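Working through the structure, step by step
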Number of protein chains: 2
Amino acid sequence: MIETVTEIKRLRALVRSWKKEGKRVALVPTMGNLHEGHFTLVRQARRHADKVVASVFVNPTQFGPNEDFDRYPRTPQADVEGLAAAGCDLAWMPSVEQMYPLGVDMTTRISVPGTVTAVLEGASRPGHFDGVCTVVSRLFNQVTPDVALFGKKDYQQLAVIRQLVAELQFPLEVIGAEIVREDDGLARSSRNQYLGEAERAAAPQLHRVLREMRAACAAGLPRQLVEQSAAAALGEAGFVVDYAVVRQRDLAEPVDGQAGERVALLAARIGSTRLIDNLEF
Amino acid sequence: MIETVTEIKRLRALVRSWKKEGKRVALVPTMGNLHEGHFTLVRQARRHADKVVASVFVNPTQFGPNEDFDRYPRTPQADVEGLAAAGCDLAWMPSVEQMYPLGVDMTTRISVPGTVTAVLEGASRPGHFDGVCTVVSRLFNQVTPDVALFGKKDYQQLAVIRQLVAELQFPLEVIGAEIVREDDGLARSSRNQYLGEAERAAAPQLHRVLREMRAACAAGLPRQLVEQSAAAALGEAGFVVDYAVVRQRDLAEPVDGQAGERVALLAARIGSTRLIDNLEF
């Protein structure tokens with residue numbers, strides 16, 4: 001049985017009672033409109049903890065002024081049903097007022113500086129990661145989990161949160177979960193439902209281009225050429241490219257000719273929808 | 001018996017074992033060089049918890065570039081002895097590297113916006129409260145106390161921390177402790193030891209002027225006149241005044257003629273030493 005909680009007092013009482021029994025608690029933070037990617041996170045959380053809390057909160061502070069906060073899909077009833085089916089114990093659904101008692105504009109902000117927030121999504125979406133850190137810190141303090149799970153689809157977000165947790169020394173473990181894809185390779189995302197029919201048909205090109213980038217790197221092609229070819233291929237497929245890059249796993253630029261683990265990352269718009277994807281190798 | 005801990009693993013293990021036994025944990029954050037004011041906090045903490053942790057850490061991020069970080073007095077051995085005598089269970093003495101693993105300049109910062117950080121100390125010491133919030137959040141996450149005690153001498157700091165805890169929703173209670181004074185009225189402070197003989201003789205004027213401000217407000221004098229007289233009196237006593245003000249308890253400017261609880265706050269330099277004090281009424 002899942003319990004839906006909207007009051008912080010009730011949340012704290014439940015988590016406290018679990019901890020008293022020696023149970024480990026996992027948190028899966030979400031913005032709702034849940035899909036198979038989220039449910040996989042919940043099932044994975046079960047393997048790391050006795051109790052799984054999923055938060056459902058569309059966070060205003062991580063949307064830019066021209067982004068899709070208002071039209072971001074909100075489906076609370078379906079979310080709770082899906083979470084229950086996935087074996088989640090508690091759906092934490094706070095209000096904006098609960099999360100930001102002094103208002104969104106007067107809220108205490110948390111800023112992770114450096115490369116990890118400055119490049120890629122940080123460059124395309126100024127203030128986005130401040131908003132993510134600001135809300136995730138509150139969720140950690142509200143739920144006090146032993147472990148928190150984040151999907152690798154938001155690859156840079158995961159890196160930022162790892163740095164946030166290490167730096168502020170939150171007493172919890174961060175686990176990154178693999179990307180869940182459709183049969184045609186498209187990474188699952190709440191934004192996929194914005195896609196028109198032709199856009200949806202083109203969208204799997206993102207994953208195809210990522211695999212080509214991996215193959216080109218494996219074949220020893222220069223990184224800049226790999227990135228240029230990827231951007232060109234996406235352009236031909238009808239995308240407007242934000243970035244198409246190969247990076248070290250910590251998102252620093254690789255030194256040419258040096259071996260090591262890499263990640264290819266893409267962000268591109270098709271129609272009015274912005275999609276991101278990545279591939280580690 | 002007090003235990004001195006410098007490793008986060010050991011700290012977490014001890015606190016975890018206490019919590020398993022159902023014990024309540026209090027935190028008294030300090031910058032060391034402890035005096036009766038701190039020891040009073042420790043004894044008071046005992047009344048709210050079964051175990052008392054005092055942190056001793058001179059925090060570089062709350063000192064400005066022209067402030068006294070390097071010459072701030074460090075007396076770790078005397079601190080531990082004093083804490084033990086006051087009944088403290090654990091002295092948490094992290095290194096700068098432990099507290100700021102990526103370095104002081106690249107650290108994740110926490111900013112409380114608004115009046116509470118903008119005025120008075122915030123205006124005199126830009127970035128000071130960011131540094132306070134940045135270190136206090138780490139201490140909360142390291143120690144995970146049920147209750148944290150802060151002295152009212154740093155009146156504005158206490159207000160900022162209350163807002164930080166309410167906003168980020170740290171799972172703990174903040175308690176403000178009364179100011180401890182010398183017989184002549186001077187508030188206990190680590191900075192008092194910087195004072196030369198003549199400066200030390202003049203220093204109790206701060207408390208005298210605060211009492212005069214209280215009396216003048218009680219007599220119905222206009223606030224601006226009270227503040228001007230206070231600044232003039234301090235100037236005559238040899239101080240260079242940063243501010244001498246009457247505020248509402250939340251540090252907002254009082255509306256003239258309206259009754260309510262107030263606090264008078266002073267900051268002034270004597271020689272090269274900056275002292276602060278306040279009085280609620």
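For clarity, every value in this text was computed on a predicted model and none was experimentally measured.

Moving on: empty space enclosed by the protein. Applying the stated criterion across every chain, the model contains two cavities of 30 Å³ or more. By volume, the largest cavity is sized at about 50 Å³. Here the lining of the largest cavity takes three residues from strand β10 (residues 273-280) of chain B, the largest share from any one element. Here the lining of the largest cavity is built from residues that sort into five nonpolar, two polar and two charged. In terms of lining, the second largest cavity is formed by Lys-153, Leu-186, Ala-187, Ser-189, Asn-192, Leu-206, Leu-275, Ile-276 and Asp-277 of chain A. The greatest single-element share of the lining of the second largest cavity, amounting to three residues, is contributed by strand β10 (residues 273-280) of chain A. Classifying every residue of the lining of the second largest cavity gives five nonpolar, two polar and two charged.

The periodicity of an α-helix, 3.6 residues per turn, causes residues three or four positions apart to be oriented the same way. Residues and elements named next belong to chain B. For helix α10 (residues 205-218), spanning 14 residues, the distance from its first C-alpha to its last is 20 Å, which sits close to the expected 20 Å at 1.5 Å a residue. Looking only at α10, the buried set comprises Leu-206, His-207, Val-209, Leu-210, Met-213 and Ala-216. Close packing links the buried residues of α10 with α11 (223-236), β8 (240-248), β9 (262-270) and β10. Looking one or two residues beyond α10, the residue adopting positive phi is Gly-220, at roughly 90°.

Next up on the list: the interface of chain B and chain A. Taken together, the 29 residues of chain B in the interface contact 29 residues of chain A. For the pair chain B and chain A, the two sides together bury roughly 2,300 Å², of which 51% comes from carbon and sulfur. Together, Thr-108, Glu-167 and Gln-169 of chain B form the three largest contributors to the area buried by chain B at its contact with chain A, with a combined 31%. Summed over the shared surface of chain B and chain A, the number is two salt bridges. One salt bridge in this structure joins Glu-167 of chain B and Arg-138 of chain A, with 3.1 Å as the shortest N-O distance. Counting every contact that joins chain B to chain A gives 20 residue pairs in polar contact (both at pLDDT 80 or more). At the level of secondary structure, the elements contributing two or more residues to the side of chain B that touches chain A comprise α1 (8-20), α4 (96-99), β5 (109-111), α7 (128-143) and α8 (155-168) of chain B. Classifying every residue of the side of chain B that touches chain A gives 14 nonpolar, eleven polar and four charged.

A few words now on the pattern of salt bridges. Within the structure shown, the criterion is met by 44 salt bridges over all chains. Of the charged contacts, one joins Glu-253 of chain B and Arg-247 of chain B as a salt bridge, the two residues approaching to 3.9 Å between their closest N and O atoms. With relative accessibility at 9%, the residue Arg-247 of chain B sits in the buried group. One salt-bridge network, in which partners are shared between bridges, spans Lys-152, Glu-178, Arg-249, Glu-261 and Glu-280 of chain A.

A few words now on the layout of surface pockets. Space inside the largest pocket adds up to approximately 1,500 Å³. The wall of the largest pocket is formed by 37 residues, among which Lys-19, Thr-144 and Asp-146 of chain A together with Lys-19 and Thr-144 of chain B lie closest to the centre. Going through the elements one at a time, α1 (8-20) and α7 (128-143) of chain A together with α1 and α7 of chain B are the ones with two or more residues in the lining of the largest pocket. Taken together, the residues that form the lining of the largest pocket break down as 13 nonpolar, eight polar and 16 charged.

Residue and element names in this part refer to chain A. Residues given the UniProt feature "active site" (unreviewed entry) here are His-38. By the element assignment, His-38 lies in helix α2 (residues 36-48). With residues near it in sequence (within four places) discarded, His-38 still touches Thr-30, Gly-32, Asn-33 and Ser-190.

Here we come to the sheet that holds strand β8 (residues 240-248) of chain A. Hydrogen bonds between backbone groups are what pair the strands of a sheet, and the pairing can be parallel or antiparallel. Residues and elements named next belong to chain A. Across the sheet, which stays open at both edges, the three strands sit in the order β8-β9-β10 with antiparallel pairing between neighbours. Edge strands, defined here as strands with exactly one partner in the open sheet, are β8 and β10. Neighbour-to-neighbour, the strand axes of this sheet turn through a mean angle of 10°, independent of strand direction. Pairing between β8 and strand β9 (residues 262-270): eight bridges, direction antiparallel. The residue of β9 that forms the bridge with Gln-248 is Arg-262.

This part covers the UniProt feature "binding site: (R)-pantoate" (unreviewed entry) in chain A. All names here are of chain A. In the UniProt entry, the feature "binding site: (R)-pantoate" (unreviewed entry) is given for Gln-62 and Gln-157. Judged by maximum C-alpha separation, these annotated positions cover 96 residues in sequence but sit close together in space, the widest gap being only 11.3 Å. Relative to the assigned elements, Gln-62 resides in the loop between β3 (51-56) and α3 (76-86). A relative accessible area of 10% means that Gln-62 is categorised as buried. The residues contacting Gln-62, other than those within four sequence positions of it, are Met-31, Glu-67, Arg-125, His-128, Gly-131, Val-132 and Val-135. Looking at Gln-62, its side chain comes within polar contact range of the side chain of Asn-59, at 2.9 Å. As for its position among the elements, Gln-157 is in helix α8 (residues 155-168). Apart from the residues within four sequence positions on either side, Gln-157 is in contact with Phe-129, Val-132 and Phe-150.

Thresholds, definitions, all that
- Residues numbered from 1 in each chain as written.
- Chains lettered and ligands numbered in written order.
- Predicted model: local features only at pLDDT ≥ 70, side-chain atom pairs only at ≥ 80, totals over all residues.
- Heavy atoms only, no water.
- 1 Å grid on protein atoms, 1.4 Å probe; cavity = no way out; pocket = protein on both sides within 12 Å on 5 of 7 lines; lining within 4 Å.
- Points joined across faces, edges and corners; volume = space filled by probe spheres on them.
- Helix = DSSP H or I, 4+ residues; strand = E, 2+ residues; numbered from the N terminus.
- Nonpolar A, V, L, I, M, F, W, Y, C, P; charged D, E, K, R; others polar.
- Expected span 1.5 Å × (residues − 1).
- Buried < 20%, exposed > 50% of the residue type's maximum accessible area, 1.4 Å probe, protein only.
- Contact = heavy atoms within 4.5 Å.
- Buried area = accessible area lost by both parts, 1.4 Å probe.
- Salt bridge = Lys/Arg side-chain N within 4 Å of Asp/Glu carboxyl O.
- Polar contact = N/O pair within 3.5 Å; in protein donor to acceptor, adjacent residues only side chain to side chain.
- UniProt positions renumbered as here; feature names shortened; annotations may be inferred.
- Pairing = 2+ DSSP bridges.
- Axes fitted to C-alpha atoms, helices over the stretch in contact; angles between N-to-C directions.

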